[in-house]
Amino acid sequence: MSELESAPRWMRDGFTLSCAHADANVDAVHRWLSEESYWARGIPRDVVEKSIAHSIPFTLYAADEFAGFARVTTDHATVAYLGDVFVLPPYRGLGLSKWMVECVLSHPELQGLRRFLLATSDAHGLYAQYGFTPMKAPEKWMEIHVPDAYTAKE
């Protein structure tokens with residue numbers, strides 16, 4: 001069975017959300033992340049391509065037109081990170097972000113995890129509806145954060 005046949009896929013009101021890597025529109029994802037996102041502005045296309053290849057992609061289509069995206073980076077056993085979530089402006093206000101989060105959380109390979117993480121500057125209310133909370137012990141967490149990783153000059 002091919003990946004296209006076995007990857008989870010959801011359908012609703014003329015929209016399709018696919019986890020098949022072959023359905024991920026790398027060019028459209030790159031264009032939006034590099035030009036519109038606040039977290040990945042300037043990200044190189046090859047980095048987007050690699051990030052999708054090593055994640056579970058959730059690509060949203062309205063008929064055959066790209067409408068949004070999310071991806072989950074995970075070990076499929078204990079932890080997952082939800083990132084790069086967006087719906088293109090013409091499709092906002094239709095409940096698609098909520099539907100995407102519901103589909104992400106129902107994905108068969110993302111069940112029974114000890115921790116599901118995400119970072120957001122502006123969508124706390126959306127994610128709180130699905131059980132995401134501020135970290136219980138943020139003082140335990142550390143990070144290496146390079147905010148200009150995609151724009152720094154060599």
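Residues numbered from 1 in each chain as written. Predicted model: local features only at pLDDT ≥ 70, side-chain atom pairs only at ≥ 80, totals over all residues. Heavy atoms only, no water.

Asks: Help me get a handle on the pattern of salt bridges, residues and values and all.
Replies: Counted by the stated rule, this structure contains five salt bridges. A salt bridge links R9 to D23; its shortest N-O distance comes to 2.8 Å. One end of the pair, R9, is in strand β1 (residues 9-12); the other, D23, is in the loop between β2 (15-18) and α2 (26-35), and 14 residues separate them in sequence. When the shortest N-O distance is used, the salt bridge between R71 and D84 registers 2.7 Å. One end of the pair, R71, is in strand β4 (residues 65-74); the other, D84, is in strand β5 (residues 79-87), and 13 residues separate them in sequence. The same class applies to R71 and to D84, which are both buried. What emerges from the salt-bridge pattern is a single network uniting D27, R45 and E49. (Salt bridge = Lys/Arg side-chain N within 4 Å of Asp/Glu carboxyl O. Helix = DSSP H or I, 4+ residues; strand = E, 2+ residues; numbered from the N terminus. Buried < 20%, exposed > 50% of the residue type's maximum accessible area, 1.4 Å probe, protein only.)

Asks: Provide a residue-level description of the environment of A77, including the pertinent values.
Replies: Within the secondary structure layout, A77 lies in the loop between β4 and β5. On the accessibility criterion, A77 (46% relative accessible area) is partly exposed. Placed 33 residues apart in sequence, A77 and L110 show a C-alpha to C-alpha distance of 7.6 Å. If near-sequence neighbours (up to four positions away) are discounted, A77 is found in contact with G112 and L113. (Contact = heavy atoms within 4.5 Å.)

Asks: Account for the packing of aromatic side chains, naming residues and giving values.
Replies: All chains considered together, the criterion is met by 10 aromatic pairs. When the ring of Y38 is compared with that of W39, the centres are 4.9 Å apart and the planes differ by 85 degrees; the resulting orientation is edge-to-face. Residue W39 is classed as partly exposed on the basis of its relative accessible area, which comes to 33%. With 6.3 Å between their ring centres and 45 degrees between their planes, F69 and F86 make a pair best called tilted. Remark: F86 occurs in strand β5 and F69 occurs in strand β4; sequence separation between them is 17 residues. By the ring-pair criterion, three or more aromatic residues cluster together here, those being W32, Y38, W39, Y61, F66, F69 and F86. (Phe/Tyr/Trp six-rings, centres within 6.5 Å; stacked < 30°, edge-to-face > 60°.)

Asks: Tell me about the environment of R114, and please be specific about residues and values.
Replies: Within the secondary structure, R114 sits in the loop between α4 (96-106) and β6 (115-118). Accessibility expressed as a relative area gives 64% for R114, which makes it exposed. A C-alpha to C-alpha distance of 8.7 Å links R114 and A80, two positions 34 residues apart in sequence.

Asks: Please set out the nonpolar core residue by residue, giving values where relevant.
Replies: Membership of the largest hydrophobic core comes to 46 residues, with the highest contact counts inside it found for F58, L60, L110 and F116. When contributions to this core are tallied by element, the ones reaching two or more residues are β2, α2, α3 (45-53), β3 (56-62), β4, β5, α4 and α5 (124-128). When residues no more than four places from it in sequence are discounted, the contact partners of L60 are F15, T16, L17, E65, F66, A67, G68, V87, L96, W99 and M100. (Core = buried A, V, L, I, M, F, W, Y, C linked by side-chain atoms within 4.5 Å.)

Asks: Give a detailed account of α2, specifying residues and quantitative values.
Replies: Three or four residues apart is the spacing at which side chains of an α-helix point the same way, because the helix has 3.6 residues per turn. For α2, the buried fraction is high: seven of the 10 residues fall into the buried class. The complete set of buried residues in α2 reads V26, A28, V29, H30, W32, L33 and S34. In this fold, the buried residues of α2 make contact with α3, β4 and β5.

Asks: Explain the sheet that holds β4 to me, using residue names and the numbers behind them.
Replies: Taking strand neighbours across the sheet as the criterion, the six strands line up as β1-β2-β3-β4-β5-β6 in an open arrangement whose pairing is mixed. The open sheet has two free edges, formed respectively by β1 and β6, since each of these has just one partner strand. Averaged over neighbouring strand pairs, the angle between their axes works out to 20 degrees when direction is ignored. As judged from the six bridges shared by β4 and β5, these two strands associate in the antiparallel manner. When the bridges of β5 are listed, G68 appears paired with V87. Packed on one face of the sheet, α2 meets β4 and β5 and runs near 85 degrees to β5. (Pairing = 2+ DSSP bridges. Axes fitted to C-alpha atoms, helices over the stretch in contact; angles between N-to-C directions.)

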